[in-house]
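What follows is each chain in one-letter form.
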Amino acid sequence: MATLDELLEKRSPKSRERISARAEQLRQEHSLAKLREELNISQEQLANTLGIKQPAVVKMEKVSSDPKISTLKRYIEGMGGELSLEVKLPDGKRIALSL
């Protein structure tokens, strides 16, 4: 049985690019909503905490929104969390940045 890397290697560069882009979209699309759902917080509750309307939370959780870091920080803090970023350098070293 072939590994995912082996299967991807058989695809054209354009196809691999599309697959990669779609996988990233799916990761982003589910990550914010999943965080909120794990905490049993509804979109309405989070909207009230943030002082916005529920449809604004829906937009934040969609891939197409491409939120600013400040928006993500506010979203996470609205659930009682803290946002940090991890940077992976070309040499493999990872650096965490607190925001």
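The notes below deal with the structure included here. (Residues numbered from 1 in each chain as written. Predicted model: local features only at pLDDT ≥ 70, side-chain atom pairs only at ≥ 80, totals over all residues. Heavy atoms only, no water.)

### Let's talk about helix 3 (residues 43-50)
Part 1 of the argument: Looking at helix 3, one finds that the buried residues are Gln43, Leu46, Ala47 and Leu50. Taken down its axis, helix 3 places every buried residue within 100 degrees of arc, on the same side. In helix 3, the exposed residues that point more than 90 degrees away from the buried face are Asn48 and Thr49. (Buried < 20%, exposed > 50% of the residue type's maximum accessible area, 1.4 Å probe, protein only. Helix = DSSP H or I, 4+ residues; strand = E, 2+ residues; numbered from the N terminus. Arc of directions from axis to C-beta.)

### Let's talk about the nonpolar core
Part 1 of the argument: Formed by Leu32, Ile41, Leu46, Ala47, Leu50, Val57, Met60, Tyr75, Ile76, Met79 and Leu83, the largest nonpolar core amounts to 11 residues.
Part 2 of the argument: Mapped by element, the contributors of at least two residues to this core are helix 3, helix 4 (54-61) and helix 5 (69-78).
Part 3 of the argument: For this core, the element with the highest residue contribution is helix 3, accounting for three residues.
Part 4 of the argument: Once you skip the residues sitting within four places of it in the chain, Leu32 turns out to touch Met60, Glu61, Leu72, Tyr75 and Ile76. (Core = buried A, V, L, I, M, F, W, Y, C linked by side-chain atoms within 4.5 Å. Contact = heavy atoms within 4.5 Å.)

### Things to note about the environment of Val58
Part 1 of the argument: Assignment of secondary structure puts Val58 in helix 4.
Part 2 of the argument: In this structure, the C-alpha to C-alpha distance between Val58 and Glu44, residues 14 residues apart in sequence, is 9.8 Å.

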